[in-house]
Amino acid sequence: MREGFTTGSCAAAAALASCLWRRDGECPAKVEIVLPAGRVFSPAILQREAYTCGVIKDSGDDPDITDGCEVRASVDLRDGDGEITFRAGEGVGTITLPGMKLPPGEAAINPVPRRMIAQAVRGVYPARAAQVTVSIAGGEALAKKTFNPRLGVVGGLSVLGTSGIVRPMSEEALTASIALEISVRCAMDSDRLALVFGNQGEAALQRRFPRLTPVQMSNFVGFALDEAVRQGVPRLLLAGHPGKLVKVAGGNMQTHSQYGDGRREAVISQLALMGAPPSLCQRVYACVTTSAMIPLIGESGYGGVWTRMANAAAQYCEARIRGAAKIDVLFLGEGCAALG
């Protein structure tokens, strides 16, 4: 299936075009940037009002809600040298609640896209202070169809992406790829296998265990477990961010948001079993993200709940495969690292 490019890639390319327009006095027809995944992105540039450039988002064969949207960026230079700041334009949301990757009040432009945009700007203006405004045509209406309102992101969409590439989310294609990768890893080491959800989980696990190359299972926890057992793996390590693993600790074997949530309920049930006060459970329940729960729980002296969550996830996984393999679960996250 055909891959596409993230909103972050589009914003970075548009920002580069804006800088080149300012420097050279002419808007470029195309630009070229190198993505975090190592791929080169060379989109056509749409010339808008002064120094505002647009790129049409192409999500490939993935049914992304932003496919076909125009992502725009405008770079406003400041006097003298200084930092690059970011502003949410029309159709890009603003963060209003804690627990996200950025603090409240910031434009919902995630850290990796920010780095990509900054790299594009610095390629033209190495030290100049600048403000980058990113907008997405029709983004405010599209955001109502996403989880952004529940997460406290208001006014539009988030600018996302970790690799710069959109990989198609066809279930059949994904599960076939997972099965093939498990087969390859088993050929290298038939006694153990590590499973992670995506790029960030893989990077976090390899920082801790640099010689371990895991299989990315996306949201297909149950399928990956079944396939590993079918291929005869006797021991499995399931590792990842608590935002995904708490769902497994609640018994969910498919962690995509369209299949359900239950993160708060899973954490609260374990806190209650530890004897945590109702006031803490209520505060945890009020959190819209798992990341917001972590410092709250740690400050209250109940950090041991993550070990309980890891044990619960391991038990559900072993029940799924009827004890056909030994399973360890590792929570990878600052303030909640735990092994079960």
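Here, every reference points to the structure presented above.
Heads up: these notes are all about the structure in this document.

A look at a nonpolar patch on the surface
Okay, so step 1: Taken together, the side chains of L180, V184 and M188 make up a nonpolar region of the molecular surface, amounting to roughly 320 Å² of accessible area.
Okay, so step 2: Looking at the element boundaries, M188 is found in helix α5 (residues 171–188).

Focus on the side chain of T290
Okay, so step 1: Among the secondary structure elements, T290 is positioned in helix α11 (residues 290–299).
Okay, so step 2: Note on T290: relative accessible area 2%, which makes it buried.
Okay, so step 3: Other than its neighbours up to four places away in sequence, T290 contacts P242, G243, V246, R263 and W306.

Notes on the sheet that holds strand β18 (residues 338–339)
Okay, so step 1: The sheet built from 5 strands is open, its strands ordered β15-β14-β16-β17-β18 with mixed pairing. Of all strands in the sheet, those bounded by a partner on one side alone are β15 (215–216) and β18.
Okay, so step 2: When strand β14 (residues 193–196) meets strand β16 (residues 235–240), the two strands line up parallel, connected through 3 bridges. Bridged to L193 within β16 is L236.
Okay, so step 3: Running at roughly 135° to β14, helix α6 (residues 199–208) makes contact with β14, β15, β16 and β17 (326–331) of the sheet.

Digging into unusual backbone geometry
Okay, so step 1: Positive phi values are uncommon outside glycine, yet Y51 reaches one of about 65°.
Okay, so step 2: Structurally, the position occupied by Y51 is in the loop between β4 (46–47) and β5 (52–56).
Okay, so step 3: Even without being a glycine, S218 presents a positive backbone phi close to 55°.
Okay, so step 4: Topologically, S218 is positioned in the loop between β15 and α7 (221–230).

Some remarks on the pairing of β5
Okay, so step 1: When you tally the buried positions in β5, you get 4 out of 5 residues, the bulk of the element.
Okay, so step 2: In textbook terms, the turn of a hairpin is the stretch between consecutive antiparallel strands, and for β4 and β5 this stretch comprises 4 residues, one of which, Y51, has a positive phi near 65°.

Describing the packing of helix α10 (residues 278–285) against α11
Okay, so step 1: Packing of α10 against α11 leaves a shortest axis separation of 9 Å and a crossing angle of 160°. If you check the angle between α10 and α11, you find them roughly antiparallel. Relative to α11, α10 is oriented so that their crossing is right-handed. Mapping the contact onto sequence places L280, R283 and V284 in α10 and M293, L296 and I297 in α11.

Reading the values: the criteria
Residues numbered from 1 in each chain as written. Predicted model: local features only at pLDDT ≥ 70, side-chain atom pairs only at ≥ 80, totals over all residues. Heavy atoms only, no water. Patch = residues over 30% accessible without salt bridge, like charges linked within 9 Å, V, L, I, M, F, W, Y side chains within 5 Å. Areas by Shrake-Rupley, 256 points an atom, 1.4 Å probe, with all protein chains shown as cover. Salt bridge = Lys/Arg side-chain N within 4 Å of Asp/Glu carboxyl O. Helix = DSSP H or I, 4+ residues; strand = E, 2+ residues; numbered from the N terminus. Buried < 20%, exposed > 50% of the residue type's maximum accessible area, 1.4 Å probe, protein only. Contact = heavy atoms within 4.5 Å. Pairing = 2+ DSSP bridges. Axes fitted to C-alpha atoms, helices over the stretch in contact; angles between N-to-C directions. Parallel < 35°, antiparallel > 145°, perpendicular 65-115°, else oblique. Left-handed = near helix turned anticlockwise from the far one by under 90°.

Geometric descriptors of this kind do not, in isolation, establish any biological role.
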